[in-house]
Amino acid sequence: ETLSNENKQYLLSIAKSTWAFFETYLNEKNNYLITDNYQEGRKQKTVSRTSSTNIGLSLLAVISSYDLGFITLEKTIELLKKILDTIISLEKWNGHLYNWYNIYTLEVLKPEVVSTVDSGNFVGCLYVAKQFAQKIEDTELLKRIDKIIENTDFSKLYEDKLGLFSIGYNCSENK
């Protein structure tokens, strides 16, 4: 179905507002990690934490902003590399990002847990970023993404006896 010009403009304005959030908070102060939430009407509008799902979605937001013409290819590549460099530097469990990190200090927040769902979301977003890197033929970007994907070992979260993935792993309790 074809959208009317009015609906296209409406959706584009929502996309621009959404991108403005990411553009504001994907910065050096936050180590290029997006805050978990923003709450209007509060003194402290943002929180100092992020999750692996949020990190993955920030990659998609950057790529989408390019696809919609909000930022240049050069800015897109620059932001993606900065986000990926931060991801590479984060402490991990068997290649998995922990569920929560402090965006300022990059420390893992307690309890130190890995969520299979959040890891799946994150790696799914990495595959989209990989397709983008292949499309624009940026081998540096592609190498960073491949390194993260290859080092994420889902076998540690798989229950052979049940033939199912566990919900996650509590590193603090070793279970």
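A brief structural summary. Predicted model only: the values in this text are computed from it and were never measured.

**Things to note about the environment of Ser-58**
In step 1: Structurally, Ser-58 is set in helix 2 (residues 52-67).
In step 2: Sequence-wise, Ser-58 and Ile-14 are 44 residues apart; in three dimensions their C-alpha atoms are separated by 16 Å.
In step 3: Those residues in contact with Ser-58 that sit more than four places away from it in its chain are Phe-22, Leu-26, Ile-34 and Ile-83.
In step 4: In terms of polar contacts, Ser-58 uses its side chain to reach the backbone carbonyl oxygen of Ile-55, at 2.6 Å.

**Overview of the packing of helix 3 (residues 73-89) against helix 4 (residues 116-136)**
In step 1: Where helix 3 meets helix 4, the axes come as close as 13 Å, and the angle between the chain directions of the two elements is 140 degrees. Comparing the axis directions of helix 3 and helix 4 gives the class oblique. Here helix 3 and helix 4 pass one another in a crossing that is left-handed. Of the residues in helix 4, those in contact with Leu-73, Thr-76, Ile-77, Leu-80, Leu-84 and Ile-87 of helix 3 are Phe-122, Leu-126, Phe-132 and Ile-136.
In step 2: The residue makeup of the contact of helix 3 with helix 4, split by class, is nine nonpolar, one polar and no charged.

**Overview of the pattern of salt bridges**
In step 1: For the structure shown, the criterion picks out nine salt bridges.
In step 2: One salt bridge connects Lys-130 with Asp-146, and the closest N-O pair in it is separated by 2.9 Å. With Lys-130 in helix 4 and Asp-146 in helix 5 (residues 139-151), this pair connects stretches of sequence that are 16 residues apart.

**Details of a nonpolar patch on the surface**
In step 1: A cluster of nonpolar residues, Leu-3, Tyr-10, Leu-11 and Ile-14, forms a patch on the protein surface that exposes about 380 Å² of accessible area.
In step 2: If you trace the backbone, Leu-3 turns up in the segment before helix 1 (5-25).
In step 3: In this structure Leu-3 comes out as partly exposed when scored by relative accessible area, which is 41%.

**Observations regarding helix 3**
In step 1: When the terminal C-alpha atoms of helix 3 are compared, their 24 Å separation across 17 residues agrees well with the 24 Å that a helix rising 1.5 Å per residue should span.
In step 2: Within the sequence span of helix 3, burial applies to Thr-76, Ile-77, Leu-79, Leu-80, Lys-81, Ile-83, Leu-84, Thr-86 and Ile-87.
In step 3: In this structure, the buried residues of helix 3 make contact with helix 1, helix 2, strand 2 (92-93), strand 3 (96-97), helix 4 and helix 5.

The rules behind these values
- Residues numbered from 1 in each chain as written.
- Predicted model: local features only at pLDDT ≥ 70, side-chain atom pairs only at ≥ 80, totals over all residues.
- Heavy atoms only, no water.
- Helix = DSSP H or I, 4+ residues; strand = E, 2+ residues; numbered from the N terminus.
- Contact = heavy atoms within 4.5 Å.
- Polar contact = N/O pair within 3.5 Å; in protein donor to acceptor, adjacent residues only side chain to side chain.
- Axes fitted to C-alpha atoms, helices over the stretch in contact; angles between N-to-C directions.
- Parallel < 35°, antiparallel > 145°, perpendicular 65-115°, else oblique.
- Left-handed = near helix turned anticlockwise from the far one by under 90°.
- Nonpolar A, V, L, I, M, F, W, Y, C, P; charged D, E, K, R; others polar.
- Salt bridge = Lys/Arg side-chain N within 4 Å of Asp/Glu carboxyl O.
- Patch = residues over 30% accessible without salt bridge, like charges linked within 9 Å, V, L, I, M, F, W, Y side chains within 5 Å.
- Areas by Shrake-Rupley, 256 points an atom, 1.4 Å probe, with all protein chains shown as cover.
- Buried < 20%, exposed > 50% of the residue type's maximum accessible area, 1.4 Å probe, protein only.
- Expected span 1.5 Å × (residues − 1).

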